[in-house]
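Chain by chain, the residues run as shown.
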Amino acid sequence: MTHSSDAPPGSAAAIRPAPRETMPSLLSRTAALRGLTVWEMTAELGIGQKAFLDHAEEAVAQVRDLMGLEHARWSELLSWTPVPAEGVRMRFRGEEVVSRSVTNPTVRGCPRCLSEDMEQAISHAADAMAMRGDWQLRDVHLCVRHGQPLVALWTRSRRSERFDYAARLGETVADLRAGRLDFPLEQVTEYDTWLDERLGAGRDESWLGSLPIDVAAKACQRLGEALATWGVAGSDSQATPPRALGYSVLRRGPSDFQDALHDLASAASGPHDAWRKAFGGLYDWLAYGGQDDPRCDVLRDLMREVILDAWPVAEGETILGVATPRRRLHSVASAAKAGGVSEAVMRALLVRHGLAEADDPRPDARLTVDADKAIPIVAQASRMIGERQLRVRMGVPSKERFESLVRAGLLAPVLPLEVSKHCWDPQGADRMMDALLRDGREVDGSDSGWIHPNAAAKRLRVGIEVVIRAMTAGTLRVGVLRGERAYSALRVREVELDILRPAAPDGPTVSEYAATVGLRREGGLNALIADGHVSATMIFNPRTRREGRYMTQADIAAFRARFTTVTILSRDHDLPAQQVSRRLRAKGVQRFQPGSGSTAETYGPVYLVAETEAVFA
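Treat the numbers as computed from the prediction; the structure is a model and nothing was measured.

Trainee: Could you clarify how one ought to interpret the overall build of the protein in this entry?
Mentor: The secondary structure content of the protein amounts to 30 helices and 19 strands. Here the protein has a C-alpha radius of gyration of 50 Å; the compact-globule value for 617 residues is 25 Å, and the former is much larger. The dimensions of the protein, computed from C-alpha atoms along their principal axes, are 160 × 70 × 35 Å. For the protein, buried positions account for 47% of its 617 residues. Taking contacts inside the protein between residues at least 6 apart in sequence as the whole, the part at least 24 apart equals 61%. Of the roughly 30400 Å² of accessible surface on the protein, a fraction of 48% belongs to carbon and sulfur atoms.

Trainee: Help me out: how do you make sense of the layout of surface pockets in this one?
Mentor: For the largest pocket, the calculated volume is near 450 Å³. In terms of residue count, helix α10 (residues 190–201) provides more of the lining of the largest pocket than any other element does, five residues in total. Here the residues of the lining of the largest pocket sort into twelve nonpolar, three polar and eight charged. Considered as a void within the structure, the second largest pocket measures approximately 290 Å³ in volume. Considering the residues around the second largest pocket, the lining is formed by E400, R401, S404, R407, A408, N454, A455, A457, K458, V462 and I464. Breaking the lining of the second largest pocket down by element, the ones donating at least two residues are α21 (399–407) and α23 (453–460). Looking at the lining of the second largest pocket, its residues break down into five nonpolar, two polar and four charged.

Trainee: So what exactly am I meant to see when it comes to the sheet that holds strand β13 (residues 450–451) here?
Mentor: Two orientations exist for strands paired in a sheet by backbone hydrogen bonds: parallel and antiparallel. The strand order across the open sheet formed by four strands is β12-β14-β15-β13, and the pairing between neighbours is mixed. Either end of the sheet is taken by a strand with one partner, and the two such strands are β12 (441–443) and β13. Relative to strand β14 (residues 478–481), β12 runs parallel, the two sharing three bridges. Residue pairing in the sheet places E442 in a bridge with V480 of β14.

Trainee: What's the story with helix α19 (residues 371–383) in this structure? I'm lost.
Mentor: Each turn of an α-helix holds 3.6 residues, which means side chains three or four residues apart point in the same direction. With 13 residues, α19 should reach 18 Å at 1.5 Å per residue; the first-to-last C-alpha distance of 18 Å fits that figure. Where α19 is concerned, the buried positions are A371, A374, I377, V378, Q380 and A381. Lining the buried residues of α19 we find β10 (329–331), α17 (332–339), α18 (343–352) and β11 (368–370). A distance of 2.9 Å separates the backbone nitrogen of D372 from a side-chain oxygen at the start of α19, and that oxygen is part of D370.

Trainee: Can you help me understand the packing of α23 against helix α24 (residues 464–473) in this one?
Mentor: When two helices pack together, their arrangement is given by the angle between their axes and by how far apart the axes lie. Where α23 contacts α24, the two axes come as close as 8 Å, and the packing angle between them is 125°. The pairing of α23 with α24 is recorded here as oblique in orientation. Here the hand of the crossing between α23 and α24 comes out right-handed. Mapping the contact onto sequence places P453, N454, A456, A457 and L460 in α23 and I464, V467, I468 and M471 in α24. In terms of residue class, the contact of α23 with α24 is made up of eight nonpolar, one polar and no charged.

Trainee: Even after reading the chapter, I still don't get helix α4 (residues 57–67), so can you show me in this structure?
Mentor: The complete set of buried residues in α4 reads A59, V60, V63 and M67. For α4, the arc enclosing every buried residue in end-on projection is 100°, short of the 170-degree limit, so these residues lie on one face. Exposed side chains of α4 directed beyond 90 degrees from the buried face belong to E57, E58 and D65. Those residues of α4 that are buried lie in contact with α1 (23–33), α3 (49–53) and α5 (71–79). One or two steps after α4, the chain reaches G68, where phi turns positive at roughly 65°.

Trainee: Any chance you could explain the sheet that holds strand β3 (residues 95–98) here in plain terms?
Mentor: With respect to topology, three strands assemble into an open sheet ordered β1-β2-β3, the strand pairing being antiparallel. Looking at which strands have only one partner, the edges of the open sheet turn out to be β1 (83–84) and β3. Alignment of strand β2 (residues 89–92) against β3, held across four bridges, turns out to be antiparallel. Considered in β3, the bridge of R89 is made with V98.

Trainee: Explanation requested: the environment of P82 in the structure shown.
Mentor: When you line up the elements, P82 lands in the loop between α5 and β1. For P82, a relative accessible area of 5% puts it in the buried group. If near-sequence neighbours (up to four positions away) are discounted, P82 is found in contact with H55, M90, R91, F92, V102 and Q136.

Trainee: Explain the nonpolar core here, please?
Mentor: Burial of nonpolar side chains together is a common tendency in soluble globular proteins. Counting 92 residues, the largest nonpolar core has F279 and I307 as the members making the most contacts within it. Looking at this core element by element, the count peaks at nine residues for helix α11 (residues 213–230). Look past the residues within four positions of I307 in its chain and what remains in contact with it is W275, F279, Y283, V313, I319 and L320. Residues L367, I464, I468 and V478 belong to the second largest nonpolar core, which totals 55 residues.

Trainee: Is there a simple way to think about the pairing of β14 in this case?
Mentor: Note on strand geometry: in a regular strand, side chains alternate between the two faces of the sheet. Along β14, one buried face is formed by V478 and V480 and the opposite face, lined by G479 and L481, is buried too. With three bridges connecting them, β14 and strand β15 (residues 490–493) associate as antiparallel partners. Each bridged residue has a counterpart across the sheet, and for G479 the counterpart in β15 is R491.

Trainee: Please clarify how unusual backbone geometry should be interpreted in this entry.
Mentor: Note: most residues except glycine have negative phi, and most peptide bonds are trans. Not every positive phi belongs to a glycine, and R20 is a case in point at roughly 70°. Inspection of the secondary structure puts R20 in the segment before α1. Despite not being glycine, R93 has its phi angle at roughly 55°, a positive value. On the secondary structure map, R93 appears in the loop between β2 and β3.

Analysis parameters
Residues numbered from 1 in each chain as written. Predicted model: local features only at pLDDT ≥ 70, side-chain atom pairs only at ≥ 80, totals over all residues. Heavy atoms only, no water. Helix = DSSP H or I, 4+ residues; strand = E, 2+ residues; numbered from the N terminus. Rg over C-alpha atoms; globule rule 2.2 N^0.38 Å. Buried < 20%, exposed > 50% of the residue type's maximum accessible area, 1.4 Å probe, protein only. Contact = heavy atoms within 4.5 Å. Areas by Shrake-Rupley, 256 points an atom, 1.4 Å probe, with all protein chains shown as cover. 1 Å grid on protein atoms, 1.4 Å probe; cavity = no way out; pocket = protein on both sides within 12 Å on 5 of 7 lines; lining within 4 Å. Points joined across faces, edges and corners; volume = space filled by probe spheres on them. Nonpolar A, V, L, I, M, F, W, Y, C, P; charged D, E, K, R; others polar. Pairing = 2+ DSSP bridges. Expected span 1.5 Å × (residues − 1). Polar contact = N/O pair within 3.5 Å; in protein donor to acceptor, adjacent residues only side chain to side chain. Axes fitted to C-alpha atoms, helices over the stretch in contact; angles between N-to-C directions. Parallel < 35°, antiparallel > 145°, perpendicular 65-115°, else oblique. Left-handed = near helix turned anticlockwise from the far one by under 90°. Arc of directions from axis to C-beta. Core = buried A, V, L, I, M, F, W, Y, C linked by side-chain atoms within 4.5 Å.

What follows is the structure, encoded as structure tokens:
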């Protein structure tokens, strides 16, 4: 009810505040009951129009005296009435909110609530229709009791016209009764219930309770809009109002808020998608609309952390009002710019060093890596030069000698030539040259006892790496042509090279062993090996740099266990070869000759040990 049965009609006491009604609304209804406009009544009371609109203390006291309301009811009425505070703030429901969140030329309301009010009219509709304070908050979208979206009732720029509620509401009576202001009902979301309870009871047990009500509500709407734009709020996000999407995240706390921002950052994966595009109106509000509002600082701080964790923000760049103290991330693009190379080269370098995957589909501007880990890679990129430049730097005019260093693994390109012609990091070459030249002694170019390391390697039949490592280790003395400091000026003592000659295999070659057992002339040992009767081992000879067949101790032992020859028997029994041959023939011992007739194989003067033992017992 909006009037009192025990007060005479037409008196101020006959009007009682409706739930959530504002002071201007109650005064306007009181004036309407007396057949006056609100400004005629204030003039009658001697209250200045501006003083009333500004809620001057004296004007408010006069209205309270007129209404005769007890303290509790009067305090409730004033709490739903936005009152100017310091700066561009208003006091509303025990909180400070920005003025624009509760003041607007367009006045909204619930047509169903107003239609119900008209049924309680004393004289005419305007004296019963109460304007609710919650309708003033821009972030209230519907009437929770009816599920009716708030509608624009009128728009007036001049405050005196806007707040003459009885006059303005009187203009809407016909439309209200005809239902022309009704809109299809909407489902009341958790956001709507939360905001209504916070306004009505002042309760908010969610994380949003730590934020001012207008900041909390605005954050829900802006975050929800971003989530809906990028489609990262779930399969039913299209059917859910943005304000509810944002509330479902923010009510759970800062961690969930940042998780949602990271999801938005990942969704905005285009090469030119920066944080403003990813976060949309939420970022614009925090960066520009509320940039001077310290009440938004906690949201700005949380968003700034996500930006620094998701984008390659440079040191010193200002993000949401704070200069970045240090770079956290490098993208392929920013690292390429810092290193002075192309993005293709930088991506290849990051992959080579294990900071990026070769199949990462993100564009160069969005593929990010830890900035600290990228420092040496950026430095390497800035050093890289071409082969010709490296040869000049080292003093290697001969391309052949340069390539020998590459084949030996002493020099290696950082990247394949097809990625970049400038694929050589001179740092490794500089270290090698420093080590070679550090203890070098000056020598005369006319001294034939000193030769170039490559010539020494060729003479030794070893790789150049063997000579270079001996030089850096001090095994070989290093000479440098007088007045020069280049690879071409390096020299080593020829007489010292024997120390580097590799040892030959420990065992004779097949040919050498065949000669010692008397099977070389007829190729008998080679034939025995070829037919699988005798074993031999392939061994690399570092002196000849070739592989060959050798008779190891195991191969020799296996041969002697099964076979013997005239030469072996002659040596073992200290008999002339002719006498050995005669004894064998006299006892009928035949050469080892597998097969029979035309298929018999002849291997020369080789016999089975088992058949000769009795002859020389």
